[in-house]
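# Close look at the chain arrangement
One-letter residues, chain by chain:
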Amino acid sequence: MKRLLDDREMIREIHRGKKEYLNTIVEKYYDDIYRFCCYQVGNRQDAWDLAQETFLHFIKHVDQYHYKNLKGYLLTTARNVCVDFFRKCQRRNQQELELDAALQRPGQELLSFRTSQEELIVSVEELSRQLPSMQREAVILYYGYGYKYREIAHMTGTGIATAKSRVRQGTEKLRRIAVKEEFCEE
């Protein structure tokens with residue numbers, strides 16, 4: 001029976017010329033990268049394109065890859081791809097990205113995360129509409145993927161205090177939204 005290789009071993013094999021391991025890496029991490037891009041842009045089609053672009057960038061530069069945390073590296077690459085996407089949109093004077101019609105239907109995708117006091121359940125649409133991109137990104141990395149503040153700081157190119165602040169501010173904003181909606185329903 002063939003033993004499964006960990007990320008480091010697969011990268012070593014790729015560096016030795018066994019490019020078939022690139023497919024294994026893409027299959028292993030595609031869903032996480034796609035979901036991250038979807039949370040960033042709020043549109044499934046754009047997220048699909050951005051996830052593809054993320055992996056194309058990785059494949060193109062795999063020979064220079066020497067990091068320890070492959071998933072973190074891919075998420076950082078996805079973040080940079082998303083930032084470039086938003087810059088392109090701004091140049092075309094697009095103030096807001098249209099949300100995918102599927103996310104506007106009653107069965108919209110939800111993001112659930114537990115804070116120290118309570119569990120918040122927020123639709124991707126709310127997350128995309130209510131939080132600035134930097135807070136949205138930090139909240140997703142912290143609650144959605146379980147990264148620590150120092151890892152978020154490294155991925156976003158900021159300090160630890162900034163990463164903590166963005167998560168805290170984003171969480172507080174989402175909590176206020178949830179309380180407001182709960183109050184309005186009663």
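Residues numbered from 1 in each chain as written. Predicted model: local features only at pLDDT ≥ 70, side-chain atom pairs only at ≥ 80, totals over all residues. Heavy atoms only, no water.

### Side note on the overall build of the chain
Cut-off, in case you're wondering: Under the DSSP-based scheme used, a helix requires at least four consecutive residues in state H or I and a strand at least two consecutive residues in state E, with every element numbered from the N terminus. Buried, partly exposed and exposed residues are distinguished by accessible area as a fraction of the type maximum, computed with a 1.4 Å probe on protein chains only: under 20%, between the cut-offs, and over 50%, respectively.
Counting its secondary structure elements, the chain contains nine helices and two strands. The order of α-helices and β-strands along the chain, N terminus first, is α-α-α-α-α-β-β-α-α-α-α. For the chain, the residues scored as buried account for 41% of the 186 residues in total.

### Examining the confidence of the model for the chain
Close inspection of predicted coordinates is inappropriate for parts of the model with low pLDDT. Worth spelling out the cut-off: What pLDDT expresses is the predictor's confidence in each residue, scored from 0 to 100. Contacts are residue-level and defined by heavy atoms, with any inter-residue pair within 4.5 Å sufficient.
Of the residues in the chain, 72% reach a pLDDT of 70 or more, and the chain-wide mean stands at 77. Low pLDDT, under 50, characterises residues 93-108; the stretch is placed with 26 contacts to residues that sit more than four places away or in other chains.

### So, the pattern of salt bridges
To keep it simple, the criterion reads: Definition used for salt bridges: Asp or Glu carboxyl oxygen within 4 Å of a side-chain nitrogen of Lys or Arg.
By the definition in use, this model includes eight salt bridges. A salt bridge links K19 to D63; its shortest N-O distance comes to 3.4 Å. Of the two residues, K19 sits in the loop between α1 (7-15) and α2 (21-41) while D63 sits in the loop between α3 (44-61) and α4 (70-91), which places them 44 residues apart along the sequence. Among the residues examined, K19 registers a relative accessible area of 38% and is labelled partly exposed. Here the salt bridges do not stand alone but share partners, grouping E13, R16 and K18 into one network.

### So, helix α8 (residues 149-156)
Applicable threshold: The arc under discussion is defined with respect to the helix axis, by the directions toward the C-beta atoms.
Where α8 is concerned, the buried positions are I152, A153, M155 and T156. Taken down its axis, α8 places every buried residue within 165° of arc, on the same side. When the buried face of α8 is taken as reference, the exposed residues oriented beyond 90 degrees from it are R150 and H154. With its phi angle positive at about 70°, G157 sits one or two positions after the end of α8.

### Notes on the packing of α1 against α2
Defined as follows: Only the stretch in contact is used when a helix axis is fitted, and all axes are lines through C-alpha atoms; the angle between N-to-C directions ranges over 0 to 180 degrees. Left-handed is the label given to a crossing in which the near helix is rotated counterclockwise from the far helix by less than a right angle, and right-handed is the label when the rotation is clockwise.
Axis separation between α1 and α2 bottoms out at 9 Å; the angle between their running directions is 145°. You can see that α1 and α2 cross each other, and the crossing is left-handed. Here D7, M10, I11, E13 and I14 of α1 come into contact with α2, specifically with Y21, L22, T24, I25, K28 and Y29.

### Here we look at the environment of L74
You can see L74 is positioned in helix α4. Between the C-alpha atom of L74 and that of F55, which follows or precedes it by 19 residues, the distance is 7.8 Å. Beyond its immediate sequence surroundings of up to four residues, L74 is in contact with I25, Y29, I33, T54, F55 and F58.

### Here's the deal with the environment of K19
Separated by 40 residues in sequence, K19 and I59 have C-alpha atoms that sit 9.2 Å apart. When neighbours within four sequence positions are excluded, K19 is seen to be in contact with I14, V62 and D63.

### Looking at the nonpolar core
Definition in use: Joining through side-chain atoms within 4.5 Å is the link that ties buried Ala, Val, Leu, Ile, Met, Phe, Trp, Tyr and Cys residues into a set, and such a set is a nonpolar core.
Counting residues in hydrophobic clusters, the biggest one holds 40 residues, and the most contacted among them are I25, I33, F58, L74, L75 and L141. In terms of residue count, the dominant contributor to this core is α2 (eleven residues).

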